[in-house]
Amino acid sequence: MTDCDPGQNRGARDAPAASVAVTTGAALFNEGEFLAARDIWEGERRPSDDGGSDAERDDGDTPDDVERLLRGLAATAAATHRAIDGDRSGVAERADDAVAALASITDPHGIALSPVREWAERLAAAPEKADTSTAPRIRIDDETPEFDDLSLAAAGVAAPALARAGEPGDPKVLAAAAEFAREERGTGRTEFAELLFAYLRTPDARPQVAARLGDHVDREERKRRDVDGLF
């Protein structure tokens, strides 16, 4: 797996709000999925439902603060991923970017940034000594997000990101499954949501779960085409 740009062709329609991106990326990072975390944190952001940016919070955070935060987190994740690949110059370059971006931020969105800053500084100073097993776990509001903790909205963002980063499955199919899962809410049906969470939580079964999701998406889309053809 290389530090490519898996989200290159993603549309703004499927872009998460900043708050969802922060939490989803943190869970991916904490699960060791550094490239997928970088994809989320570097991706496009959509505005909140009220027409303003959900990056503007009552605690004084501004959109610029949050964009710097996401840029710094993305660079940290990229540097950590490159350390796995043994790309020392890449580690140093992205870690320097992370240090610069995170320097003036005071924990927006409840993230405990000190361990992240310290990790980026260590990577920048001595990339040849990088040991990703000692990477910090990102804490938000005194919690350490993992896949088990994600909301349906966040799971629907995380699953396609994993596929874009090289995990089994078609990112577009997983994004469609996430949309169908959102539409299931309140209907008593949960098959898409259950499969999305299974995709995240059972790495060894991802090929099989991705195939099942593909079948379910294909069946649902066929059904909708058939209904549309009646009118």
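Because the structure is predicted, anything quoted here is derived from the model rather than measured. (Residues numbered from 1 in each chain as written. Predicted model: local features only at pLDDT ≥ 70, side-chain atom pairs only at ≥ 80, totals over all residues. Heavy atoms only, no water.)

Attention shifts here to the overall build of the chain. When its secondary structure is counted, the chain shows 9 helices and 0 strands. Listing the helices and strands of the chain from first to last along the sequence gives α-α-α-α-α-α-α-α-α. Residues classed as buried in the chain amount to 48% of the 231 residues present. Total accessible area on the chain is roughly 11400 Å²; 46% of this is exposed by carbon and sulfur atoms. (Helix = DSSP H or I, 4+ residues; strand = E, 2+ residues; numbered from the N terminus. Buried < 20%, exposed > 50% of the residue type's maximum accessible area, 1.4 Å probe, protein only. Areas by Shrake-Rupley, 256 points an atom, 1.4 Å probe, with all protein chains shown as cover.)

Here we take up helix H6 (residues 152-164). In this model H6 runs 19 Å from its N-terminal to its C-terminal C-alpha over 13 residues, within 8% of the 18 Å that 1.5 Å per residue would give. Among the 13 residues in H6, 12 count as buried, and that is most of the element. Within two residues after H6, Gly 166 carries a phi angle of roughly 115 degrees, on the positive side. (Expected span 1.5 Å × (residues − 1).)

So, about the nonpolar core. Ranked by size, the top nonpolar core spans 63 residues in total, and within it Leu 28, Trp 41, Tyr 199 and Leu 200 carry the most contacts. The element best represented in this core is H6, accounting for 9 residues. Setting aside chain neighbours within four positions, we find Leu 28 in contact with Glu 33, Ala 36, Ala 37, Ile 40, Phe 147, Ala 158, Ala 161 and Leu 162. (Core = buried A, V, L, I, M, F, W, Y, C linked by side-chain atoms within 4.5 Å. Contact = heavy atoms within 4.5 Å.)

What is shown is where atoms sit, not what they do.
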